[in-house]
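Working through the structure, step by step
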Amino acid sequence: MIKRFGLIAVMLVLTAVMILDFKINEPFLRFFESMVEVDLSARSEMQTQTIEIEEGERFFIEVDESRLNLEPTKKKSLTVTAQSEDAVSVVRSEDGIVLKVLEGSVATVSLPEAILPQVTAYGASVYVSVNVAEIDARSSYLSLTDVKTGKIKAADSYVQLTNSTPEIIETTRCQLEIAQAEAKKDQIILDATETVVNVSSVALVKGNAQNSTVSLEYVDEVDLTVKGGTLRVRRTENNLGLHLEGTNAYLELGDHFSRITAEESEVTIKMLRTDAELLVETTGTEISTNVVGAEGPNFSYVRGKDAKEQTLKTQGGILRLYSPFVSM
Amino acid sequence: MISWKLYLHEWRENGFYWLLMIVGTIAVKVLMNFGLFPEELFSFPLILSIFAYGILCTSPLAKERKNNTIYIKKSLPVPGYVHLLVKIGWLMSSYVLYLVFWCALYFRFIVGEGDTVFLFSDTGILEAAFFLLAPFFGIVLMQFSYLIANYVAKFRSAFSFWAFVLTFYLVIRIVPLVAKVFEFLPDFAIAGTSGSYVSSGFILAVLAVSVALLFINGKLWDNEPAI
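Computed from a predicted structure; not experimentally measured.

The secondary structure content of chain B amounts to nine helices and two strands. Going residue by residue from the N terminus, the α and β elements of chain B occur as α-α-α-α-α-α-α-α-β-β-α. Counting only residues that meet the buried cut, chain B has 23% of its 227 residues in that class. Counting only contacts in chain B whose residues sit at least 6 apart along the sequence, the fraction spanning at least 24 positions is 69%.

So, on to the overall build of chain A. Broken down by element type, chain A carries two helices and 25 strands. Each of the 328 residues in chain A was classed as buried or not, and the buried ones make up 31%. Once local pairs closer than 6 in sequence are excluded, the contacts in chain A between residues at least 24 apart make up 37%.

The subject of this paragraph is the interface of chain B and chain A. Each side of the interface is counted separately: chain B has 20 residues, and chain A has 18 residues. Where the side of chain B that touches chain A is concerned, the elements lending two or more residues are helix H8 (156-181) and strand S2 (196-198) of chain B. Considering each element in turn, the side of chain B that touches chain A owes the most residues, nine residues, to H8 of chain B. Broken down by class, the residue content of the side of chain B that touches chain A amounts to 14 nonpolar, four polar and two charged.

Below, the discussion takes up unusual backbone geometry. All names here are of chain A. Positive phi values are uncommon outside glycine, yet glutamate 194 reaches one of about 45 degrees. As for its placement among the helices and strands, glutamate 194 is situated in the loop between strand S17 (187-193) and strand S18 (196-234). The residue glutamate 264 is not glycine, and still its phi comes out positive at about 45 degrees. On the basis of neighbour count, glutamate 264 is assigned to the partly exposed category, with 15 C-beta atoms found within 10 Å.

In this section: the nonpolar core. Formed by 70 residues in total, the largest nonpolar core has its most connected members in Val63, Leu68, Ala107, Val126, Val199, Val205 and Val222 of chain A. Counting 32 residues, the second largest nonpolar core, distinct from the first, contains Ile148, Phe202, Ile203 and Leu214 of chain B.

Here the focus is the environment of glutamine 315 of chain A. Looking at where glutamine 315 of chain A falls in the secondary structure, it is placed in strand S25 (residues 310-322). A residue is classified by how many C-beta atoms lie within 10 Å of it, and glutamine 315 of chain A, with 15 of them, is partly exposed.

Residue and element names in this part refer to chain A. Its place among the elements puts histidine 256 in the loop between strand S20 (248-253) and strand S21 (258-271). For histidine 256, a count of 19 C-beta atoms within 10 Å translates into the label partly exposed. Separated by 36 residues in sequence, histidine 256 and aspartate 220 place their C-alpha atoms 9.7 Å apart.

This part covers the packing of helix H1 (residues 2-33) of chain B against helix H2 (residues 44-56) of chain B. All names here are of chain B. Where H1 meets H2, the axes come as close as 10 Å, and the angle between the chain directions of the two elements is 165 degrees. Considering the angle they form, H1 stands roughly antiparallel to H2. You can see that H1 and H2 cross each other, and the crossing is right-handed. Taking contact as the criterion, the partners of Asn14, Tyr17, Met21, Gly24, Thr25 and Val28 in H1 are, on H2, Phe44, Pro45, Ser49, Ala52 and Leu56. Residues belonging to the contact of H1 with H2 are distributed by class as follows: seven nonpolar, four polar and no charged.

Every regular strand shows the same layout, with side chains that alternate between the two sheet faces. Residues and elements named next belong to chain A. Here strand S14 (residues 158-162) shows a buried face lined by Val159 and Leu161 and an unburied face lined by Tyr158, Gln160 and Thr162. Summarising the sheet, S14 and strand S16 (residues 175-179) pair through five bridges and their orientation is parallel. Residue pairing across strands places valine 159 opposite leucine 176, the latter belonging to S16.

It is worth spelling out the packing of H1 of chain B against helix H5 (residues 80-105) of chain B at this point. Residue and element names in this part refer to chain B. Their axes nearest at 9 Å, the elements H1 and H5 cross at an angle of 25 degrees. As summarised for this structure, H1 and H5 are arranged roughly parallel, according to the angle between their axes. For H1 against H5, the interelement crossing comes out right-handed. Across from Ser3, Leu6, Tyr7, Glu10, Trp11, Asn14, Trp18, Met21, Ile22, Thr25 and Lys29 in H1, the residues of H5 making contact are Val82, His83, Val86, Lys87, Gly89, Trp90, Ser94, Tyr98, Phe101, Trp102 and Leu105. Split into classes, the residues belonging to the contact of H1 with H5 amount to 13 nonpolar, six polar and three charged.

Glancing now at H8 of chain B. Residue pairs three or four apart in sequence face the same way in an α-helix, which turns once every 3.6 residues. Residue and element names in this part refer to chain B. The end-to-end C-alpha distance of H8, which contains 26 residues, comes to 36 Å, matching closely the 38 Å that a straight helix rising 1.5 Å per residue would cover. The sharpest bend along H8 reaches about 25 degrees and sits at isoleucine 174, with the proline proline 176 one to four residues further on. Considered for burial, the residues of H8 that qualify are Phe159, Trp162, Ala163, Thr167, Tyr169, Val175 and Ala179.

As a further point, take the environment of glutamate 71 of chain A. All names here are of chain A. Structurally, the position occupied by glutamate 71 is in strand S4 (residues 67-72). For glutamate 71, a count of 14 C-beta atoms within 10 Å puts it in the partly exposed group. Put simply, glutamate 71 and glutamate 113 are 42 residues apart on the chain and 9.9 Å apart in space, counted from C-alpha to C-alpha. Leave out the neighbours within four places in its chain, and glutamate 71 touches Thr108, Ser110, Ser129 and Val130.

Next up on the list: the pairing of S18 of chain A. All names here are of chain A. Relative to S18, S16 is paired through five bridges, and the arrangement is parallel. Note on S18: the bridge partner recorded for alanine 179 is serine 200. Pairing between S17 and S18: seven bridges, direction parallel. Considered in S18, the bridge of aspartate 191 is made with asparagine 208. Two strands pair when backbone bridges link them, and S18 and strand S19 (residues 239-245) are joined in this way by seven bridges, in the parallel orientation. When the sheet's bridge partners are listed, aspartate 223 is paired in S19 with glycine 241. Looking at chain direction, S18 and S20 are connected through four bridges and run parallel. Counterpart to threonine 230 in the pairing with S20 is asparagine 248.

Another aspect to go through is the confidence of the model for chain B. All names here are of chain B. On average, residues of chain B carry a pLDDT of 82, and 88% of them reach 70 or more. Ranking the elements of chain B by mean pLDDT puts strand S1 (residues 188-189) last with 68 and helix H9 (residues 200-222) first with 90. For this predicted complex, the interface confidence score (ipTM) comes to 0.74, while the overall pTM stands at 0.54.

What counts as what
Residues numbered from 1 in each chain as written. Chains lettered and ligands numbered in written order. Predicted model: local features only at pLDDT ≥ 70, side-chain atom pairs only at ≥ 80, totals over all residues. Helix = DSSP H or I, 4+ residues; strand = E, 2+ residues; numbered from the N terminus. Buried ≥ 20, exposed ≤ 12 C-beta atoms within 10 Å, placed from the backbone. Contact = placed C-beta atoms within 7 Å. Nonpolar A, V, L, I, M, F, W, Y, C, P; charged D, E, K, R; others polar. Core = buried A, V, L, I, M, F, W, Y, C linked by C-beta atoms within 7 Å. Axes fitted to C-alpha atoms, helices over the stretch in contact; angles between N-to-C directions. Parallel < 35°, antiparallel > 145°, perpendicular 65-115°, else oblique. Left-handed = near helix turned anticlockwise from the far one by under 90°. Pairing = 2+ DSSP bridges. Expected span 1.5 Å × (residues − 1). Bend = angle between axes of the 7 residues up to and from the residue. pLDDT = per-residue confidence, 0-100.

Encoded structure:
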């Protein structure tokens, strides 16, 4: 009896302490602070300066071997935070304002919505979560989150886009990772050269890829010209429009609409649905298939009444067409 | 050896639920192959299994009482924490087996064909610590809440939930203090971030608190009040 009531009394006291503690302190915050440690030493001596900028005035940022964060702010003024005032320099000219982040510095620029900066980065780490006019990165790490405007040009860089749909992305010898976190309703326009491109969960991907390694997953619509390199398309939802030249391609086809032309390419197609329809026109193409109903170099494979039209025109190269449901 | 026999006993007693999950998972896969279940929901059995295991955390304890096997267990020359550890061991090992089965069955969906598979990334120790420690701590906490509720005769479920909340609060207050003791140990860098680390002291503190709670649970098991 004593144990029971003693326990209940202790628990009541503890409950009161807990409620007070949650009101006064932040126990969860303390708990997570003890788990994750962030090196704040670099931020401890940060200095903030405000730059006066008029609406419509052009704003340029140059980053060299440094780290730059571009953040949105609801304030009307533009602020730059860096470890010292010497870490950044501001030059005003007729063209606009030029902000230079000096070598080895860490700077955070808080931008009002109306100002679209033009960023030039070399050997830098750039984290962007505001709309931009243009970014030109070389040998840099570029991370874009929620960026909806602008032109991205990158060379010899790692580019990561999360929930971002800039107007065009031009990459040369880059690694490009694109993922849409929110509802996939935006389009990506690519111009990739010698780039590794990984795209997932995007509404539309269109453009060109030359000598690149392109991988597309959960993409609603594709309209891509691929020259050289490799292409891998999996789990596409609707329309697949491809023009391949000298490409090694692996495509998974469901019952979505597809129009593919291939010249001197090595194309492997996996038919995910046995009731899908694929019309194939080939000239001088080596073919291997396990699909029932497929015959000869110019064959059409027809199943199901409701299947959407899928056409494939190949000229030269190799075509492998197979169904996972039929043994080879 | 007696622990092994107790472990096998757990399989005999609760293996049915495990088997049920396996059968359910296979059924979903078969339906998927026939196009009767959307492929996008391939993780549905896994999510369901997490809920099922949440319930299984304390149901083996309740079952012992219901079947009166608790008294046979108590008559064995084994301390209480061993019994509880065996139950934790069964829960965790059977779930790992289920996970392996699930991964094998849905391998095509988890990783793409031809993709390279990494069991652990460069922060593998960190992942392993969290994936093992978090369930261990969770089960110990739930066992404590269940056992402490034996001290009251009525409203045991509500009391158990109350005890769970309070114990969790105490743990989040104690862990940062204990973590400070191990502050001298090296931290684990979090991949993809710059300058963010998980304190190894934190991991050790959670482990220490979990083990302490396990021994307290053992005492509660041994000295269960007669109500």
